[in-house]
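Each chain is listed here by its residues.
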2 protein chains.
Amino acid sequence: MPEEARSAPRRKLWGWGRDGEGLGPAEIEDLRRLLAARFGLAELALAAPPDLGEIDLRPPRVPVPTALAGILGADPAERAAHTHGKSFTDLARGLRRDYASAPDLVARPRDEAEVAAVLDWCAAAAVVAVPYGGGSSVVGGVEPRIGHGHAAAVSIDMGALDRVIEVDPVSRSALIQAGVLGPALEDQLRPHGLTLRHYPQSFEHSSLGGWIATRAGGHYATLHTRIDDAVQGLRAVTPRGVMETRRLPGDGAGPQPERLLLGSEGTLGVITEAWMRLQARPQFRASTSVRFSSWTDAVAAARALAQSGLHPSNCRLLDHREALVSGSGDGSAAILILTFESADHPLDAWMGRALEIVREHRGEPDEARRTDRRERDAGREDAAAAWRRTFLRGGHLRDALVRLGLVTETFETAVTWDRFDALHAAVVGATEAAVAEVCGLGLVTCRLAFVYPDGPAPYYTVIAAGRPGAEVEQWRAIKAVASDAIIAGGGTITHHHAVGRDHRPWYDRQRPPLFADALRAAKRALDPAWIMNPGVLIDPD
Amino acid sequence: MPEEARSAPRRKLWGWGRDGEGLGPAEIEDLRRLLAARFGLAELALAAPPDLGEIDLRPPRVPVPTALAGILGADPAERAAHTHGKSFTDLARGLRRDYASAPDLVARPRDEAEVAAVLDWCAAAAVVAVPYGGGSSVVGGVEPRIGHGHAAAVSIDMGALDRVIEVDPVSRSALIQAGVLGPALEDQLRPHGLTLRHYPQSFEHSSLGGWIATRAGGHYATLHTRIDDAVQGLRAVTPRGVMETRRLPGDGAGPQPERLLLGSEGTLGVITEAWMRLQARPQFRASTSVRFSSWTDAVAAARALAQSGLHPSNCRLLDHREALVSGSGDGSAAILILTFESADHPLDAWMGRALEIVREHRGEPDEARRTDRRERDAGREDAAAAWRRTFLRGGHLRDALVRLGLVTETFETAVTWDRFDALHAAVVGATEAAVAEVCGLGLVTCRLAFVYPDGPAPYYTVIAAGRPGAEVEQWRAIKAVASDAIIAGGGTITHHHAVGRDHRPWYDRQRPPLFADALRAAKRALDPAWIMNPGVLIDPD
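Here the structure is a predicted model, which is why all the values come from computation and not from measurement. (Residues numbered from 1 in each chain as written. Chains lettered and ligands numbered in written order. Predicted model: local features only at pLDDT ≥ 70, side-chain atom pairs only at ≥ 80, totals over all residues. Heavy atoms only, no water.)

(A) Highlighting the packing of helix 16 (residues 513-526) of chain A against helix 16 (residues 513-526) of chain B. The interhelical angle for the contact between helix 16 of chain A and helix 16 of chain B, taken along N-to-C directions, is 140°, at an axis separation of 8 Å. Here helix 16 of chain A is positioned oblique relative to helix 16 of chain B, judged by the angle of their axes. For helix 16 of chain A against helix 16 of chain B, the interelement crossing comes out right-handed. Across the interface between the two elements, A:Leu514, A:Asp517, A:Ala518, A:Ala521, A:Ala522, A:Ala525 and A:Leu526 from helix 16 of chain A touch B:Leu514, B:Asp517, B:Ala518, B:Ala521, B:Ala522, B:Ala525 and B:Leu526 from helix 16 of chain B. (Axes fitted to C-alpha atoms, helices over the stretch in contact; angles between N-to-C directions. Helix = DSSP H or I, 4+ residues; strand = E, 2+ residues; numbered from the N terminus. Parallel < 35°, antiparallel > 145°, perpendicular 65-115°, else oblique. Left-handed = near helix turned anticlockwise from the far one by under 90°. Contact = heavy atoms within 4.5 Å.)

Right under this line is the structure:
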């Protein structure tokens, strides 16, 4: 483990980030006043995050095997910290001191051989194995649950496999261990002038292996959106041994083997390292924001940009409410954030044509927009830091909202453009109706997080008044209504949050039954004892 | 079947194209003189393609089932035409009148229900089913072979499923039947102003379903190279029933189901239709050719272009010999063909920066190059027609070479840039040595067909003197040496030609053993009787 990681504050037992981070008392008081004004909720009690001493952990159902004493442990703090991900229900259950699904043991393998040793023992002892990267799952993907005759569960924390092993500057690629978190990964690439440029909102507390296992969506609003396209080759330990694919820039030999592990969500094995395609660090950047009075115009502009072949790196469209809530607008307009970046060339022509397109759709570019210019390292770092602060604040803000008793959820999908208007109306309508019925007060906002030539990936945020003690049930009712509307509207139950357990009922409806049979058979071939993250993605029969 | 297809000349029984196409006697005589001059081969006998009457077909091992008499038939012309693909060994065996692996029956289903009926009968009767699109496989992918206790073999010709069913202009997508060949597909899209822009060399005689089943490489030298990225959703009939995936612009729900069928090469089922991502027809085009005295400089320039983020639609690099043989150069330089195209914007900035890059690498752009300009439909059609003529001539030229007794082969791979120089030297060295040993005289040329940011896909052409009667064995010896060098050099045994049977020994070395186990299990789940194209990709144990 690098020195800096050892000396940094620990990740919080509950909530986003590390000890010491988050909203202070004055900020929470401001938030409380804001919510009182918006929702008319005068008396919001602030729940306290759990202390370890308040958590009643079931004793481990298996002892630590002697031969693995250096890798596996039953430390209560470790077990509690590996119980939940970061979904609303995870946070709400944490506030209730509900840690019923804590792993019996936590493994911290230091290399691939130790991962294999843990899986060998798990398979022999009928112990569930749950790969754990940064613990940022919002779909129940890292929560250890047993079943099917399992004796216990181990959470395998991959945090010690955090190195960039080899950099190939000619092919702009690197061999990287799967446990590395976003910042440590970029720190190791920076001296080479290279970057993965994969910045999911969870960037600081999610791992390369987690991104691959969940098919994460990252930095690019167009073109290189998904981590899938950055995987050049990978290596995983399954209960039956190591699977390693050949690193290749392109390949047409049979079904692509990487694609079996991309999206496998820990059900087939533990991804240990991957050859990743990198980018040269951007030297040119052109950015602006564009105001649209009409949502319809704004969506048409986003579609035209997505279909233009200009490939903006950022093309995020916030609806009127999202612009207001996020502080990007005053609520009278939708806001499109538009950015081009390049390591190779000035972007005047790109931004010039993009501005023509938005104006054709009655968009008004911000006059104070930044135009094509060469970035200095310092300037770029500032922009990245500002972005990071905003994103981080998102996680901390949500923690505060949950502590104040609100029900929050973010959900997302993707759908073809021809179906988007109907899906969007149905999702917003059904979700607002559910919020009104279940919570009374609340709001639903939307942004288009990613845009493809053939359709957008809308991202919805729900904030609603909770009823003390019933928040999880309220969340579940709203989630079901929203998910039903997505599936009925032709969308996917998840564009980049993954399936985990929360999305299973809808994934099971979306996934072709014969593909389920094929996936089940493939899993049986790699994980005969069905120990890898059971309950996620697929069941034995 | 559309009227025009019914009235068009039949596809040839032997060789490329339709009856009446191909090199005429005077052209063949010119070619013979050229070969005599280059190889010192004065007496090249011209073998005649087989007539149907000369082919001794084994009687069908099963009768046509009465219930399927309208779909299945045992017509000798049909059986002979569905025996081989278009590989060198296919052509050479055809000239020997070797049609030993002819299918017992040929099916021509008119809809998905008829495909299902054929598979049902095949599974019940232990009859092998081989999906057949345009028959252009160069790897033995459509040759019916039985084994594992099979009684007979059926070739399923998908040619009647040739319609564009639905066009979605908003999402720029279309639902297309899998049996449609390239020209008929583009003809149906043209009135909508849309195009798939997937032009493999086999364009005229390969099908959408074949492209998907073999993960074909198409028009784009960068970015949208592979058909995989154009598949929005698909539908296939497996022996266990229909599998249909949801059409989506992007999706993060588990392993992507389409990816199981992409590259499945007919071993899992018959692809019947797909929702495909389309492009608006290009309105702007900028093209030039660039001369490099040094191959090293040329490769460095191609890499810089691939990594520039400019995304040229064409970025093909011909080595000195390939430039000479193809008529693009005089043999004193490597030639880079560089094209940008757009439906949205002029390309001055794109081509301008690309020319800076090639000049930085001592490339000399052709002064007579076409610059950014708006294309008229007529002009674009001319360019496409010229391209098509060149490509078609390739197939006809090869037919003539084979008839003249030469051994020919094209093989291809992809490898990361850091390994390219060593792989290229080893492949050319080993192949030239094999040609010298096995054939005496011959040459090996190379072009970079596609370039990725992390590596090129080199394409090699071998033309060598054959020994009458031993051509197939000579080919096999050269093929083995070249394939060994590719695998040893870190490449893939195929970037876009697929695995079929010819590449099996090397695919089996390249493919992770545990992935083979998973694929085998998935196939068992979809094809329990193991009737789908056995011998291709994977064996039962």
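Past the structure itself, the notes keep going.
(B) Focus on unusual backbone geometry. The backbone of B:Arg97 shows a phi angle near 65°, a positive value even though the residue is not glycine. Note on placement: B:Arg97 falls in the loop between helix 4 (88-95) and strand 2 (105-107).

(C) Seen up close, the relation of the copies chain A and chain B. Laying chain A over chain B is done by rotating through 180° and shifting 0.0 Å along the axis; what remains is an RMSD of 0.0 Å. Both copies are brought into coincidence by an operation consistent with a two-fold rotation axis. Of all interface residues in chain A, 100% are interface residues in chain B too; the two copies therefore contact each other through one and the same surface. (Least-squares fit on C-alpha atoms with pLDDT ≥ 70 in both.)

(D) How the structure looks around the nonpolar core. Among the nonpolar cores identified, the biggest contains 124 residues, and A:Leu317, A:Tyr460, B:Leu317 and B:Tyr460 are the most heavily contacted of them. Discounting residues that sit within four places of it in the chain, B:Tyr460 has contacts with B:Glu409, B:Thr410, B:Phe411, B:Phe420, B:Leu423, B:His424, B:Val427, B:Val428, B:Val444, B:Thr445 and B:Cys446. (Core = buried A, V, L, I, M, F, W, Y, C linked by side-chain atoms within 4.5 Å. Buried < 20%, exposed > 50% of the residue type's maximum accessible area, 1.4 Å probe, protein only.)

(E) Summary view of the interface of chain A and chain B. If you look at the interface, chain A gives 83 residues, while chain B gives 83 residues. Summing the contributions of chain A and of chain B, the shared interface buries around 6,300 Å²; its carbon and sulfur component is 58%. Linking chain A with chain B are eight salt bridges, by the criterion used here. Residue A:Asp517 pairs with B:Arg240 through a salt bridge whose shortest N-O separation is 2.8 Å. Inspection of the region where chain A meets chain B yields 36 residue pairs in polar contact (both at pLDDT 80 or more). A total of nine residues in the side of chain A that touches chain B trace back to one element, the largest contributor, which is helix 16 of chain A. A per-class count over the side of chain A that touches chain B returns 37 nonpolar, 27 polar and 19 charged. (Buried area = accessible area lost by both parts, 1.4 Å probe. Salt bridge = Lys/Arg side-chain N within 4 Å of Asp/Glu carboxyl O. Polar contact = N/O pair within 3.5 Å; in protein donor to acceptor, adjacent residues only side chain to side chain. Nonpolar A, V, L, I, M, F, W, Y, C, P; charged D, E, K, R; others polar.)

(F) Looking closely at the pairing of strand 19 (residues 455-465) of chain A. Residue and element names in this part refer to chain A. For strand 19, the tally of buried residues reaches 11 of 11 residues, placing the bulk of the element in the interior. Here strand 19 shows no split at all, with Gly455, Ala457, Tyr459, Thr461, Ile463 and Ala465 on one side and Pro456, Pro458, Tyr460, Val462 and Ala464 on the other all buried. As defined by bridge partners, strand 17 (residues 406-412) adjoins strand 19 across seven bridges and the pair is classed as antiparallel. Among the inter-strand pairings, Glu412 is bridged to a residue of strand 19, identified as Tyr459. If you look at the hairpin formed by strand 18 (residues 442-452) and strand 19, you'll find two residues sitting between the two strands. (Pairing = 2+ DSSP bridges.)

(G) How the structure looks around the sheet that holds strand 2 (residues 105-107) of chain A. Residues and elements named next belong to chain A. With mixed pairing, four strands are arranged side by side in an open sheet as 1-2-4-3. Looking along the sheet, the strands with just one partner apiece sit at the ends: strand 1 (72-73) and strand 3 (127-132). By the bridge criterion, six bridges tie strand 3 to strand 4 (residues 152-157) in an arrangement that is parallel. Directly across from Val127, in strand 4, lies its bridge partner Ala152. Taken strand by strand, helix 5 (residues 112-125) contacts strand 1, strand 2, strand 3 and strand 4, and its axis lies near 150° from that of strand 3.

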